[in-house]
Amino acid sequence: MKKFTSLILLTVFLSYGCSNSPHKTNKIVTGVDYHSFANTDDVVITHINLNLSINFNKHTIHGRNAIQYKLKNPDAKEMILDTRDLTIINISTPNGRGGIIPVKWHMGQKDKMLGQALVIELPPTDRIIIEYLTSPKSTGLQWLTPQQTSSKKYPFLYSQSEAIHARSWIPLQDTPQVRQTYSATIKVNKNLRAVMSAYNNPKADERFRTYYFDMPQAIPSYLIALAVGKIKYKAIGPRSGVWAEETLLDKAAYEFEDTEKMIQAGEALYGKYDWETYDLLILPSSFPFGGMENPRLSFITPTVLAGDKSLVSLIAHELAHSWSGNLVTNATWRDLWLNEGFTTYFESRITEVVKGKGTKDMEAVLAYQDLVAELPELSKKDQQLALDLRGQDPDDAFTEIPYTKGRMFLDWLEHSFGRTNFDEFVKSYFQHFAFQSITTENFISYLNENLLKKHPKTVTLKQVKQWIYSSGIPKTAVIPHTQIFTTIDNITKQWINKEINTQDLPTKKWSTQEWLYFLNNMPQEFNYDKMVELDKAYNLTNVKNTEIAHVWYLLSIRNNYQKSFENMRHYLIEIGRRKLIVPLYSELSNNETNRKWAQQVYQVARPGYHSLAQATIDKIFEK
Ligand code: BES
Ligand code: ZN
C-alpha cells in the first residue's frame, strides 16, 4: 500500500515538474493570470456587444454577448472564456449572409473559486455570439428589494465585477490583461433606468425602457458595470453629475460639488482626464465597498454622505483610478498594488489640493495606523507588494498592503527624488503605459530607466526590490506624521489625567479625522466611566457620521457600553459596507454574550448584504 502511494506521488511529481504550463510549475510566472481560464496567447477579445434583458421577478439576466476577437496565434483552434453560474443557451457565428450558424462548445470542470471554463471551437469568422442566462446567485450582481432602497418603492440591481465577478454575468476573458471596447442594449422594467460604466445620457427617454451604451475606450473586464434602479441625474460640474435615488440626489450633489476641482487637480498633476465625463452613482447602503472606479461612473456608498464633505477623499480615490487602474491597469491580481497603491498616493495628492495638507496628513496617519494594526494578522508572504495569489481568491488580496504599503513606497520615492522629479516621472509613466495592462516587473524596469538612472545615487534598485518583494515596512519608510494629532495626543493625556473636563474638550473645532484619531487612540486608562462621560457631553451614541459611529461602536463593544448597542443594531442592519461592519462583527464575536447578540442581528441583516459581505461574515461565525 505504501509503495503504491509513493508511486502515485512520484508520477504526480514528474508530471508536475515536466509540464510546460505555468499553471503547473512551482515558480510563479510573472504576467500569468492564475485567476482566468482564458487562452490569451492564442486569441483576445477586442469588442463585446451586449444585449441584456433584466428580470427583477426571477433575479436573472437573459443575455446575448456578441464577441469580436483577434487571433494572436494563427493556428489557434479554440477560445476559452471564463464563466461562473451561467447557463449557456447557444453559441453561433454569422454566416455572412445575414444568418447564423451554430458553433461547437463545451464546459470545463467547475472550480469553486474560478468558476467554469467555456471552450468554444473557433469558427472561420472573427465573431462569436453567445446566448446565456445568469443565475439568481450570480456573485457579481446584487438584486435588491424595494425595501432595501432609500425610496422603498422600486427594486434595484447593481454589478460589482472586480476582481473576478464579471464572469458571473457575462461570458468573457475575465482577466485584466485583455482590454475591449463595449456597446450595450439594456432592457428594463417600467420606471427604471439603466446606467453603465460608459457614457450615460441623462436625456435618454425612460418610456422606451431600453438604454443604449457605448464605451469607445478599451477597458479590462473588471470595469464593465451596470446598475438599474429608480434613479435621477443632477449635474454638479461641466463634465460631472450624480446619479442617485431622488431622496439622496440633492444631498449627494452638495457633498460632491468639488468633483470638478478634483478632476482639475488630477489633470494638473498627471495629465489630461481621458474619459470625457465623470459621474458618480450613489448606491443603496448595502454596497459592500466604499467605492468602485467604474470608468466614467464611479459607484459610491451612501455612507460617505456625511453632510459636511468630510469623507470626500473616497471620491478623490475613485477618480484617481481614472489614471492608475483604468488607464494603466494591473496585468494580474498579483500586481494589484499598481492599481491601489498608486491610487492611494494619487488620492492623497488630490486631497492635498482640494482639502489642504492638514487633511492629507491626518488621513495618511490614520491609514498608517490601520496598516500597523493589520500587519501582525498577515503572513509574511501576504505582506509583499507583489503578491503570490496562486490558489487564493483575489478578493482576499485587498488588505492594507497594496493600498497603504504601496502608497508609502511611492511616498518614499517622492521623498527621495523630490516632488518635481517624481511628478514628472509619474506623469510620463501614465503616458507611456496608457491603455495597457502591466506587471510589477514592467513598472520596475520603467522606474529603473526613467527615474533611478536619471538621478543616480539617489536610491538603489535593491532598495526598490526590497519594498516590492519583502514583507513588513522597510526601515527607510517615511512615517506619516502631523502636528494636529500631536495636539490631540496632548489633549487626551490631560483629559485622562483630569486636567481637562470632558465637556471642555476642544471638540467644536475637531474635524471628522480628529475625532477618529481621538477615539482610535484611547490609552489603557480609558474605561466604561469615560465612555459615559463622553457620550453625555457629545451624544456619540447618536452620531450620524458613519465613520465616527464605527469607532464609537468598537469602543462600546470593548468597554461593554450597552447603551449604544441598539443603535449599533440598526447600523449593522442598514449598512452593508464591509469596512464598516466586519470589524464590528469580529469584535462582537470575541465574547460569548456579544457573539449571541451579534448572531441574532446578523440573521436579520444577512439577507440584505451583498454575497461578498455575507461570505466574510459567515466565516467569522464559523470559527
Ligand atoms: N477598487 C476598489 C474596490 C474594490 C475593492 C473592488 C476590493 C473589489 C475588491 C476601490 O477603488 C477601493 O479601493 N475602494 C475603497 C475606498 C478607498 C478610499 C480605500 C473601499 O471600498 O473601501
Ligand atoms: Zn481603489
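See the structure shown above.
All figures in this text were calculated on a predicted structure; none of them were measured in a lab.

Time to look at the overall build of the protein. Broken down by element type, the protein carries 18 helices and 21 strands. On the principal axes, the C-alpha backbone points of the protein span a range of 85 × 65 × 65 Å. Residue burial in the protein is summarised as follows: out of 623 residues, 57% are buried. For the protein, contacts bridging at least 24 residues in sequence account for 71% of all contacts bridging at least 6. Carbon and sulfur atoms form 52% of the exposed surface of the protein, whose accessible area is close to 27100 Å². Positive and negative side-chain charges in the protein, numbering 71 and 66 respectively, have mean positions lying 3 Å apart.

Side chains on a regular strand alternate between the two faces of the sheet. Two strands pair when backbone bridges link them, and strand β15 (residues 232-237) and strand β16 (residues 240-244) are joined in this way by five bridges, in the antiparallel orientation. Note on β16: the bridge partner recorded for G237 is S240.

The protein atoms that coordinate the zinc ion (ligand 2) are H317 (NE2), H321 (NE2) and E340 (OE), at distances of 1.9 to 2.1 Å. The sequence pattern describing where the donors of the zinc ion (ligand 2) fall on their chain is H-x3-H-x18-E. In this pair, H321 is assigned in the loop between α4 (313-320) and β20 (328-330) and E340 in helix α5 (residues 336-355), connecting sequence segments 19 residues apart. Note on accessibility: H321 and E340 belong to one class, buried.

In this structure, A163 follows E162 across a cis peptide bond, with omega equal to 0 degrees. Assignment of secondary structure puts A163 in the loop between β10 (156-159) and β11 (179-187). In this structure, K309 takes a positive phi of about 60 degrees despite not being glycine. Of note, K309 is situated in the loop between β19 (297-300) and α4. Judged by relative accessible area, which is 11%, K309 ranks as buried. With phi around 60 degrees, F435 is a residue other than glycine that occupies positive phi space.

Our focus in this paragraph is the site of ligand 1. The environment of ligand 1 is formed by 14 residues, the closest being E162, G290, E293, E318 and Y403. Take E318: an N or O atom from its side chain is 2.8 Å from an oxygen atom of ligand 1. Of all the secondary-structure elements, those providing two or more residues to the shell around ligand 1 are β18 (291-292) and α4. At three residues, the largest contribution of residues to the shell around ligand 1 is made by α4. Its residues assigned to classes, the shell around ligand 1 shows five nonpolar, five polar and four charged. When residues of the shell around ligand 1 are sorted by domain, at least three fall in each of domain 2 (231-322) and domain 3 (328-469).

Here we come to the packing of aromatic side chains. Scanning the entire structure with this criterion turns up 49 aromatic pairs. Each ring, one from Y273 and one from Y278, has its centre 6.1 Å from the other, and the planes form 80 degrees; the classification is edge-to-face. Judged by its relative accessible area of 1%, Y278 falls in the buried class. Over the aromatic face of Y254 sits the side chain of K309, whose NZ or CZ is 4.8 Å from the ring centroid. The ring of Y34 has R390 lying over it, and the distance from NZ or CZ to the ring centre is 5.7 Å.

On to empty space enclosed by the protein, then. Scanning all chains against the criterion turns up one cavity of 30 Å³ or more. Here the largest cavity defines a volume of roughly 70 Å³. Lining the largest cavity are I28, V29, G31, V32, D33, Y34, H35, T332, W333, R334, L389 and R390. Residue composition of the lining of the largest cavity, grouped by class: six nonpolar, three polar and three charged.

The next subject is the pattern of salt bridges. Overall, the coordinates contain 32 salt bridges when judged by the stated rule. Residue K309 pairs with E257 through a salt bridge whose shortest N-O separation is 2.6 Å. Here the residue K309 occupies a position in the loop between β19 and α4, and E257 occupies one in the loop between α2 (246-255) and α3 (259-270), the gap between them amounting to 52 residues. Look at E257 and you get partly exposed, because its relative accessible area is 38%. Of the charged contacts, one joins R334 and E441 as a salt bridge, the two residues approaching to 3.2 Å between their closest N and O atoms. Of this pair, R334 sits in the loop between β20 and α5 while E441 is found in helix α9 (residues 440-452), placing the two residues 107 residues apart along the sequence. Judged by relative accessible area, E441 falls into the partly exposed class, the value being 21%. The network of salt bridges with shared partners includes R349, E352, K360, E414, R419 and D423.

Strand order in the open sheet formed by four strands is β9-β10-β14-β12, and the pairing between neighbours is antiparallel. Two strands in the sheet have a free side with no partner beyond their single neighbour: β9 (141-144) and β12 (193-196). On average, each strand axis in the sheet is inclined to that of its neighbour by 10 degrees, with strand direction left out of account. Where β10 meets strand β14 (residues 226-229), two bridges bridge the pair, whose relative direction is antiparallel. Paired with Y158 across the two strands is A227, which belongs to β14.

Conventions adopted
- Residues numbered from 1 in each chain as written.
- Chains lettered and ligands numbered in written order.
- Predicted model: local features only at pLDDT ≥ 70, side-chain atom pairs only at ≥ 80, totals over all residues.
- Heavy atoms only, no water.
- Helix = DSSP H or I, 4+ residues; strand = E, 2+ residues; numbered from the N terminus.
- Buried < 20%, exposed > 50% of the residue type's maximum accessible area, 1.4 Å probe, protein only.
- Contact = heavy atoms within 4.5 Å.
- Areas by Shrake-Rupley, 256 points an atom, 1.4 Å probe, with all protein chains shown as cover.
- Lys, Arg positive; Asp, Glu negative; His and termini not counted.
- Charge placed at Lys NZ, Arg CZ, Asp CG, Glu CD.
- Pairing = 2+ DSSP bridges.
- Donors = N, O, S within 2.8 Å, 3.2 Å for Na, K, Ca; no water.
- Near = heavy atom within 4 Å.
- Polar contact = N/O pair within 3.5 Å; in protein donor to acceptor, adjacent residues only side chain to side chain.
- Nonpolar A, V, L, I, M, F, W, Y, C, P; charged D, E, K, R; others polar.
- Domains from an automatic or database assignment.
- Phe/Tyr/Trp six-rings, centres within 6.5 Å; stacked < 30°, edge-to-face > 60°.
- Lys NZ or Arg CZ within 6 Å of the ring centre and 35° of its normal.
- 1 Å grid on protein atoms, 1.4 Å probe; cavity = no way out; pocket = protein on both sides within 12 Å on 5 of 7 lines; lining within 4 Å.
- Points joined across faces, edges and corners; volume = space filled by probe spheres on them.
- Salt bridge = Lys/Arg side-chain N within 4 Å of Asp/Glu carboxyl O.
- Axes fitted to C-alpha atoms, helices over the stretch in contact; angles between N-to-C directions.

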